[in-house]
Amino acid sequence: MKVFKVIKPLVSYLNDARKSNTTIGLVPTMGALHEGHLSLLKASKKENNLTVCSIYVNPTQFNDKKDLLKYPRNMQKDLELLESVGCDVAFAPADDEMYISKPTLRMNFGYLEQVMEGKFREGHFSGVGLVVSKLFNIVQPDKAYFGQKDLQQYHVIKELVKDLSYPIEIRPIETLREPDGLAKSSRNARLDSQARTKSVILYESLKQAENMLRTGESVGTVKDFFDGKFQQTDNARLEYFEIVNAHDLSPLRNIMDTDRVALCVAAFFGEVRLIDNIIFSAKAKE
Ligand code: AMP
């Protein structure tokens, strides 16, 4: 595996590769890699001749500086994991390589800024849009891979690609979970054992909410159930729970109004903020 920390040699390496009709897949990450990330890499390996994984904890997408400082980092282990799945190129730039000076450009994704992650993390998607645009311009991939776990981010990236005419196919990849259902996340490493035990209510409640909706409970009743469940759990604080149309993340009053329902949640366990979601079709017969 080739490891680049500087943009110029990476660009010339990829330009050479492109001359022989090599197709390039990009997997953007913030490191502290786990099997969820590896499933994106495996998908890219399958569909492209060359896979690039970027590892960069992007400061412009952190609204909470404490969160940025505490974000887990383990470059050596990350590089070993990338080797183990046959990643071809790792790109791990330093801050001053990605941002020559503090960027002034801001992106605004309209409705997506006003709800869920956009509402609670001001400026987050502007930072995501900025860094992903940079990575797209540097790597110029044919395909780029994003996890469904960050559903709203996936929608933001789809907007970015459409509005800026990037000739890149965006591939969503299903969420990989721990055996007890907790979505794998770099932030899980920061949960103490009590918070880790409580964190199972995230996925458990999502599945319960899905079952309630499928059996005809109203959106309002299910929201009340969700609030109640978190109120009864010590050391857990619900930030939001939304029942939305998975196609555009608009709120649903009735799940029969779409063929793809998404249940999205963010909650704190101790100091650690986790997000998760599930998507299901209410119209499909089981
Ligand atoms: P991050 O390093 O958290 O920015 O994540 C990098 C990419 O991996 C994003 O597209 C995430 O949505 C994706 N990802 C994170 N966790 C998972 C997971 N448990 N399963 C699948 N993809 C994931």
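Scroll up a little and you will see the structure.
Computed from a predicted structure; not experimentally measured.

**Q** Could you clarify how one ought to interpret the pairing of strand E9 (residues 272-280) in this entry?
**A** If a strand is regular, its side chains alternate between the two faces of the sheet. With 8 of 9 residues buried, E9 lies mostly within the body of the structure. Where strand E8 (residues 261-269) and E9 come together, 9 bridges link them in antiparallel fashion. Its bridge partner being in E9, Val261 is matched across the sheet by Phe280. The hairpin turn running from E8 into E9, its antiparallel successor, is 2 residues long, and Gly270 in that turn takes a positive phi close to 65°.

**Q** Would you mind going over helix H4 (residues 75-84) with me for this structure?
**A** Since there are 3.6 residues in each turn of an α-helix, residues three or four apart along the chain are aligned in direction. Among the residues of H4, those classed as buried are Asp78, Leu79 and Leu82. Seen from one end, H4 has its buried residues packed into an arc of 95°, which puts them on one side. In H4, the exposed residues that point more than 90 degrees away from the buried face are Gln76 and Ser84. Considering only its buried residues, H4 is in contact with strand E1 (2-4), helix H2 (35-47), strand E3 (50-55) and strand E4 (89-91). Just downstream of H4, Gly86 is the residue with a positive phi angle, here 75°.

**Q** Whenever I open this one, the site of the ligand confuses me. Can you help?
**A** Close contacts around the ligand come from 17 residues, with His37, Gly147, Asp150, Leu176 and Lys184 the closest. In the model, an oxygen atom of the ligand is placed 2.9 Å from a nitrogen or oxygen of the His37 side chain. Lys184 places a polar main-chain atom, nitrogen or oxygen, 2.8 Å from a nitrogen atom of the ligand. Within the complex, 93% of the 490 Å² of free accessible area of the ligand lies under protein. Elements with a minimum of two residues in the shell around the ligand: strand E2 (24-29), H2 and strand E5 (143-147). Per-element accounting of the shell around the ligand gives the leading share, 3 residues, to H2.

**Q** Please explain the packing of aromatic side chains as it appears in this structure.
**A** Aromatic ring pairs are defined here through the distance separating the ring centres and the angle between the ring planes. Applying the stated rule across the entire model yields 8 aromatic pairs. Between the aromatic rings of Phe4 and Tyr13, the centroid separation amounts to 5.5 Å while the plane-to-plane angle is 45°, which identifies the pairing as tilted. Ring geometry for Phe226 against Phe230: centres 5.6 Å apart, planes inclined by 15°, an arrangement best described as stacked. In this pair, Phe226 and Phe230 both sit in helix H12 (residues 219-231), 4 residues apart, roughly one turn of the helix. Relative accessible area serves as the criterion here: at 0%, Phe226 is assigned to the buried category. An aromatic cluster of three or more residues is present, and its members are Phe226, Phe230, Phe241 and Phe269.

About the criteria used
Residues numbered from 1 in each chain as written. Predicted model: local features only at pLDDT ≥ 70, side-chain atom pairs only at ≥ 80, totals over all residues. Heavy atoms only, no water. Buried < 20%, exposed > 50% of the residue type's maximum accessible area, 1.4 Å probe, protein only. Helix = DSSP H or I, 4+ residues; strand = E, 2+ residues; numbered from the N terminus. Pairing = 2+ DSSP bridges. Arc of directions from axis to C-beta. Contact = heavy atoms within 4.5 Å. Near = heavy atom within 4 Å. Polar contact = N/O pair within 3.5 Å; in protein donor to acceptor, adjacent residues only side chain to side chain. Areas by Shrake-Rupley, 256 points an atom, 1.4 Å probe, with all protein chains shown as cover. Phe/Tyr/Trp six-rings, centres within 6.5 Å; stacked < 30°, edge-to-face > 60°.

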